[in-house]
Amino acid sequence: MNVSRVAWRRKECALKKSDVVEELLDGRRRAPGASGTAFAPANIALCKYWGKRDDELNLPMTSSLSLSLGALGATTEIAPCDGPADRVWLNGEALSGESPFVRRLTAYLDLYRSGHGYDVHTVSTVPVAAGLASSASGFAALVLALNELYGWELDRKALSILARLGSGSASRSVFDGFVEWHAGARDDGMDSYAERLDVSWPELRLGLLALSSAEKPVGSRDAMKNTRDTGALYAAWPEKVAGDLVEIRGALRDKDVERLGRAAESNALTMHATMLSGWPPILYWLPESVQTLQAVWAARKEGVPVYCTMDAGPNVKLLFLDEDRSRVTERFEGLQLVETNRKGSA
Ligand code: 2P0
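Everything numeric here is computed off the predicted structure, so don't read it as measured data.

> Help me understand the site of the ligand in this model?
Looking at the ligand, there are 18 residues lining it, with Tyr49, Lys52, Ser167, Ser169 and Arg221 nearest. Here Gly168 contributes a backbone N or O atom positioned 2.7 Å from an oxygen atom of the ligand. Contact between the ligand and Ser169: an oxygen atom at 2.6 Å from a side-chain N or O atom of the residue. Relative to its free-state accessible area of 470 Å², the ligand is covered by the protein chains to the extent of 95%. The dominant element in the shell around the ligand, judged by the number of residues it contributes, is helix H6 (residues 220-230), at three residues. When grouped by side-chain class, the residues that make up the shell around the ligand number six nonpolar, six polar and six charged.

> What is the right way to look at the sheet that holds strand S11 (residues 307-310) in this model?
Two modes of strand pairing occur in sheets, parallel and antiparallel, and in both the strands are linked by backbone hydrogen bonds. Here we have four strands laid out as an open sheet, ordered S11-S12-S10-S13, and antiparallel in their pairing. Bordering the open sheet on either side are S11 and strand S13 (336-338), each of which pairs with just one other strand. Between one strand axis and the next, the sheet turns through 30° on average, direction left out of account. Where S11 meets strand S12 (residues 316-321), four bridges bridge the pair, whose relative direction is antiparallel. Each bridged residue has a counterpart across the sheet, and for Cys308 the counterpart in S12 is Leu318. Strand contacts of helix H8 (residues 257-276): strand S10 (204-209), S11 and S12, with the helix running at about 30° to S11, the strand carrying the most contacts. Lying on the sheet, helix H9 (residues 287-301) is in contact with S10, S11 and S12; it crosses S11 at an angle near 155°.

So, how was this worked out
Residues numbered from 1 in each chain as written. Predicted model: local features only at pLDDT ≥ 70, side-chain atom pairs only at ≥ 80, totals over all residues. Heavy atoms only, no water. Near = heavy atom within 4 Å. Polar contact = N/O pair within 3.5 Å; in protein donor to acceptor, adjacent residues only side chain to side chain. Areas by Shrake-Rupley, 256 points an atom, 1.4 Å probe, with all protein chains shown as cover. Helix = DSSP H or I, 4+ residues; strand = E, 2+ residues; numbered from the N terminus. Nonpolar A, V, L, I, M, F, W, Y, C, P; charged D, E, K, R; others polar. Pairing = 2+ DSSP bridges. Axes fitted to C-alpha atoms, helices over the stretch in contact; angles between N-to-C directions. Contact = heavy atoms within 4.5 Å.

So this is what it looks like as structure tokens:
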């Protein structure tokens, strides 16, 4: 069989999101109740998810590990409506059915509806200017709300898989605290789900530095595809992640901020290096991002143990211990501390 025939066969046999939903909801399909409401936190990856092995099911090339952001996240209420079209409100504002956000939501809800539309009200406490991914908390809250609406009573593993079908990082947002998303190896992705780690580290602080709220030049979904398909350095990424995960798990166990910070910062910077190695090259950084990185490195040189991570945007997040809080906040103007230990409420 030649290559194109193999590719064709793989495509023909490839599983769809609807196949996964069918399997998970087997025997649980029922008429919706009046409404369902749920909260899910945003999360910041300490070891990043960057690149998929399956674009349809959002199956990642590697595992990843994150910290959920406490009460910063999304609360979503969903209810069936009379008409066939979905109506969506974000922070009280009705969104156009033509907006990319609503189109993506509607496509996802097609997996669950039986002919009717939904009214979806989402209130987000994620600071827009901080450039945090809203898709993670948004899809996780939506799945948790659907679980309420339909009374599926699915366990967290199944809910994490359903959230992944909406957005990869949403698989981690169905949990509080430190969370690992296992890459899995199966074609159907039933072993690709997140789990909460048994770690409590209330002294660890996460701070957000909002440097720019301008729209990204390229969305993370397209950027990770471009990197996987064209990045000269991408071949090194899975091995880098494997090593960083060992370091991060060990650092969380030993409460070692230096080990954690080093692995998390190096992981984020390597992710950005893989993006730069692709064509077209992708660089999310602004001059302010570089200045902040240099300020972090200068602080460490002067004995302040502060580390950083960056996602698919120009903003920088800082990691440090509570005992160094005043030394860090006086160096980084506008730093917003996240109460990762405070749970959000529905
Ligand atoms: C992460 N990011 O681990 C990485 C680091 C951005 C940089 O997950 O296509 O919105 O919906 O699965 O989850 C952003 O990607 O992508 C992301 P899709 P997603 O947090």
